[in-house]
Every structure is written in structure tokens, then in C-alpha cells.
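A structural walkthrough
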Amino acid sequence: MEQGALGQVIDALHFAAYKHRYQRRKDVEQTPYINHPIELLRILFEDGGVRDPVVLVSALLHDTVEDTETTLEEIRSRFGADVAAVVEQVTDDKSQPQDVRKQLQIDHAADLSDRAKLVKLADKTANLRNVAQSPPPDWSLERRANYCNWGKRVVDEMRGIHSALEALFDETYEAAYKTCNPQFTLEK
Ligand code: ZN
């Protein structure tokens, strides 16, 4: 990766860390939110071999507009139109109720750009991994299973984009779904 691209990734990491600074994940340890975008970056770079800086930067920024006070305009002026376009595509419309937003993700997944599909694929993989390893303590097994199945429905609409990352998602889904079985006990 050329130095300019690495600089952009570092800038995006710094920006996302600042924007998410007051947020925590929903797991029992309430881990810092920034761990989540960093996990997407690692999945794309290490597991997927993705080197497109637009995808990597967008992965780091993917939840800033949806979950912080960041605007798309801010993303556009600092990271460019290509990154802003990807972030816009993976940002839910928060004026809609959650069940509508979940259905819209399924309905729109096939129409996303290839770059947005990669970010979303990594996002769903990271989220299902969290459900398997450190689920929100107040989630029932049924809620976890529903969440896994919803993630799979979104990913099923985007197949044919990256075989290695799709295989990783499938593996993660199976492991996560197994933990939703009543016989399963989470190892400490
Ligand atoms: Zn996310």
C-alpha cells in the first residue's frame, strides 16, 4: 500500500476514534466502540486482502454518520466523494423504525456498489462474531438467532462479490448460530 493511502487510513482511524469516543459496544464488558470499525478494517485487509483505500477508509468511518453527530458533508470534505458515497450507502435512515430499517437493508443490499458491499459484508461478519463471543447480556437466545438470520439474509443478497470474505461470513454465521442453541453455554 502506498504511503498516501496509509496516511488516509490513519487519518480515518483518528477521526473515527474521536467521533466514537463516548460510545461503548453492547457486550457485557462495554468495550470501546472503536474496536468495531478496527475489526472491519482487519477483516478486509487481513482476511480479504483488500487494498483499496476507499474501502478501508469507509470501513473505519461506516458508523460515524449513523451513530454520531457526523454529517456526510464532513466526510466528503475531509475524505472525498468516493468515501462519502460508500458511507452514505451503509448508513441506515434513522427516521425509520428499527424493523423497517432491517427490512430496507435486505431490500437494498443487491443494489449497493461493490465497495459498499465489501464494507457491509465485513460489518455483518464482525457483528455475528460479537454475538457468538460476547453477546449483549440482555439478549435472549431467540433474539440472537434472529439477529444471525437477519445478517445472513442481507449477505445472501450480496453474494458473488468476494468468495473468501463470503466463506468467512458463512463460517462465522454457523459458529454464531450454534451459540443460540439452548444447549450451548458460552465459555468464560
Ligand atoms: Zn458497524
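Worth saying up front: this structure is predicted, and the values here are computed from it rather than measured.

**Structural notes on helix 1 (residues 3–19)**
An ideal rise of 1.5 Å per residue puts 24 Å on 17 residues; helix 1 measures up with 24 Å between its terminal C-alpha atoms. For helix 1, the set of buried residues is A5, V9, A12, F15, A16 and K19. Considered in projection along helix 1, the buried side chains sweep an arc of 130 degrees and stay on one side of the axis. Facing away from the buried side of helix 1 by over 90 degrees, the exposed positions are Q3, I10 and H14. On its buried face, helix 1 sits against helix 2 (35–47), helix 3 (53–61), helix 4 (64–67) and helix 5 (72–79).

**Describing the coordination of the zinc ion**
Around the zinc ion, the protein contributes the donor atoms H36 (NE2), H62 (NE2), D63 (OD) and D123 (OD), at 2.1 to 2.5 Å from the metal centre. What the four donor atoms of the zinc ion show is an angle range of 81 to 175 degrees at the metal, which sorts the shape as irregular. All donors of the zinc ion come from a single chain, and their spacing in sequence reads H-x25-H-D-x59-D. Residue H62 is classed as buried on the basis of its relative accessible area of 1%. Exposure remark for D63: the relative accessible area of 7% places this residue in the buried category.

**Quick word on the pattern of salt bridges**
Going through the model one piece at a time under the given rule, you end up with 13 salt bridges. Note that K19 and E74 form a salt bridge whose closest N and O atoms lie 2.8 Å from each other. You can see K19 sitting in helix 1 and its partner E74 sitting in helix 5, a full 55 residues away along the chain. Judged by its relative accessible area of 28%, E74 falls in the partly exposed class. A salt bridge links R76 to E73, with the shortest nitrogen-to-oxygen separation between them at 2.5 Å. Of this pair, R76 and E73 both sit in helix 5, three residues apart, roughly one helical turn. A residue is classified by how much of its surface remains accessible, and R76, at 33% relative accessible area, is partly exposed. The network of salt bridges with common partners includes K152, D156, R159 and D170.

Rules used in this analysis
- Residues numbered from 1 in each chain as written.
- Predicted model: local features only at pLDDT ≥ 70, side-chain atom pairs only at ≥ 80, totals over all residues.
- Heavy atoms only, no water.
- Helix = DSSP H or I, 4+ residues; strand = E, 2+ residues; numbered from the N terminus.
- Expected span 1.5 Å × (residues − 1).
- Buried < 20%, exposed > 50% of the residue type's maximum accessible area, 1.4 Å probe, protein only.
- Arc of directions from axis to C-beta.
- Contact = heavy atoms within 4.5 Å.
- Donors = N, O, S within 2.8 Å, 3.2 Å for Na, K, Ca; no water.
- Tetrahedral: all angles 85-135°; square planar, octahedral: opposite > 155°, others 65-115°.
- Salt bridge = Lys/Arg side-chain N within 4 Å of Asp/Glu carboxyl O.

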